Amino acid sequence: MNDVVNGPRGGAAKVHAAGVAIRDLRKSYGSNEVLKGISLEVKPGEVVCLIGPSGSGKSTLLRCVNLLEQPNQGSIQVGGFEATHPDVDIDKMRRKVGMVFQQFNLFPHLDAKRNCSIAQTKVLKRSQAEADKVSLHNLERVGLGHLADRFPDQLSGGQQQRVAIARALSMDPELMLFDEPTSALDPETVGDVLSVMRNLAKEGMTMLVVTHEMGFAREVADRVVFMDGGVVVEEGVAEQVISAPTQPRTQEFLRRVLDPTHIDIQE
Amino acid sequence: MALTARQRAKVSLYVQAGIFVVAIAALILATDWKTMANSVFNFGKIGPMFPDIFLVGLKNTLIYTFLGFVVGLSGGLLLALMKLSSFPLYRWIATGYIEFFRGIPALLVFIAFGYGVPLAFGVQWNVTIIVMISLGMVASAYIAETLRAGLQAVPKGQLEAARSLGMPQWRAMVSIVIPQAFKIVLPPLTNEVILLTKDSSLIYVLGLTASQFELTKFGRDGISSLGAGLTPLLVAGAFYLVITIPLSLLARKFESRSARTKR
């Protein structure tokens, strides 16, 4: 944990923020409807955690926001972009939206610094020197400045995920999407990744996070959204949804997640 | 006689070795060594082959192979991308091309470009161009399949990560997917070069001037001019091994390297 040195960007931190507005979103794979009319809002600077059982559609919803999945119906607005408009410039929109994957998806043929800089030079047309500077700054931000020249296979899972976060941050995103960022990690490295995300939230980053980490959601999220079966079952202030859920499905899910040893005999 | 499993294995091994030794001995005894010494191992008379076998034969084989590989690699990459395209017409064209050129003998392609195209269009190409195109077009078909497999072996998450950073499809392919695919296909690609080296000998069907001879043609020419029987061809064959064995070792090195690290 010592190497997670953080804090707001030195001096005047400029806070970028783009909100998300999702209205009546539907997505099917063949006859299987995964999202059944989802409406959800994330205000600029807000941190929203999506929780729910696997197969509830939360990852699909997240992937729709930067159009890794094409929704069938409904609308998504990201910052100034109408993501679901047929003429939207997807690449331009995605520059504003950082994405962190469950499996990290670092580029294995590039070292940590180049992982962070390649899109800066190729997409944002920054000079290599400038891109390197930004990359190093962001690697330091996630506590990995000293490992900038390591390749992904020389890093632990938690370190790889932190490089992946630095890579996304290097594009100066206004919104960060996290798709179960700690689910593929060894338990002892989860804390480092969560602490990086916590600092990011403190700095005012707009974040939409799919997670099973209830402690993180309760502590960091402004709001928690519980999804099940392709619909939003319950949403509200983090503390309220997690500690005092009103819907039976939410209650049951949280009982199982918070106490994994609990066995429901009636089931 | 009850043999244990280990004894049985031992006996079987001795029998196999025995058969091998007997076969070799029979071959040696059946050979007419006097004639062989005259017309296959007649190394006393091949002096005139040197140094031109290096300066002409080996050089031209290397040049033809290299040009064929460059065309084959570019064409193969294009075909592989077409085959993976979401646009059906591209897929059909690529599939048709690959099946056609893998399905006919390379020799026919040489004849088609050496004699057919000049007849059809009234053009007279230089031999180097003909070899480059015929060898390249055949190689494209094989290399395309190798590259397609390599491209598909790169995890889908790589493309998603690149696209999520705002890279357009082509940029994500060029900077992220293709470099990784090339590392995966380096061993099979090296084997393609070996095949190409040997296929470059098919140029013998074209009319060549002496300075255009590659190894095989150079050897055949020696048969008629040196009076050493087939010996010049044996020498030419040895020169192919000088090219192909190092390539083969290189392929094995790539293989063990990619097995050790994913990088």
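Residues numbered from 1 in each chain as written. Chains lettered and ligands numbered in written order. Predicted model: local features only at pLDDT ≥ 70, side-chain atom pairs only at ≥ 80, totals over all residues. Heavy atoms only, no water.

## Focus: the pattern of salt bridges
Close approach of charged atoms allows side chains of opposite charge to pair. Here the structure, examined in full by the defined rule, presents 19 salt bridges over all chains. Its salt-bridge partner being Glu 174 of chain A, residue Lys 96 of chain A comes within 3.8 Å of it at the nearest N-O pair. Of this pair, Lys 96 of chain A sits in the loop between α2 (90-95) and β6 (97-100) while Glu 174 of chain A sits in the loop between α5 (157-169) and β7 (175-179), placing them 78 residues apart in sequence. When its relative accessible area of 19% is taken as the criterion, Glu 174 of chain A is described as buried. Linking Arg 162 of chain A and Asp 192 of chain A is a salt bridge whose minimum nitrogen-to-oxygen distance equals 3.6 Å. Taken together, the residues span a long stretch of sequence, with Arg 162 of chain A in helix α5 and Asp 192 of chain A in helix α6 (residues 187-202) at a distance of 30 residues. The exposure classification of Arg 162 of chain A matches that of Asp 192 of chain A, with both residues buried. Ionic contacts of the salt-bridge type, sharing partners, join the residues Arg 63 and Glu 69 of chain A together with Lys 156 and Glu 160 of chain B into one network. (Salt bridge = Lys/Arg side-chain N within 4 Å of Asp/Glu carboxyl O. Helix = DSSP H or I, 4+ residues; strand = E, 2+ residues; numbered from the N terminus. Buried < 20%, exposed > 50% of the residue type's maximum accessible area, 1.4 Å probe, protein only.)

## Regarding the environment of Gln 16 of chain B
All names here are of chain B. Relative to the elements of secondary structure, Gln 16 occurs in helix α1 (residues 5-30). A residue is classified by how much of its surface remains accessible, and Gln 16, at 48% relative accessible area, is partly exposed. C-alpha separation for the pair Gln 16 and Leu 29, spaced 13 residues apart in sequence, amounts to 20 Å.

## Here we look at the packing of aromatic side chains
Tallied over the full model, the rule gives 9 aromatic pairs over all chains. Plain terms: the ring middles of Phe 226 of chain A and Phe 253 of chain A are 5.2 Å apart, the flat faces sit at 40° to each other, and that makes the pair tilted. Of this pair, Phe 226 of chain A sits in strand β9 (residues 223-228) while Phe 253 of chain A sits in helix α9 (residues 248-258); the two residues are 27 residues apart in sequence, bridging distant segments of the chain. Classification of Phe 226 of chain A by relative accessible area gives buried; the value is 0%. Looking at Phe 253 of chain A, the relative accessible area reads 11%, which means it is buried. Each ring, one from Phe 100 of chain B and one from Phe 101 of chain B, has its centre 5.1 Å from the other, and the planes form 80°; the classification is edge-to-face. For Phe 101 of chain B, a relative accessible area of 10% puts it in the buried group. Among the aromatic side chains, those forming a connected cluster through ring pairs are Trp 33, Phe 41 and Phe 43 of chain B. In this structure, Arg 167 of chain A packs its charged tip against the face of Phe 107 of chain A, placed 4.5 Å from the ring centre. (Phe/Tyr/Trp six-rings, centres within 6.5 Å; stacked < 30°, edge-to-face > 60°. Lys NZ or Arg CZ within 6 Å of the ring centre and 35° of its normal.)

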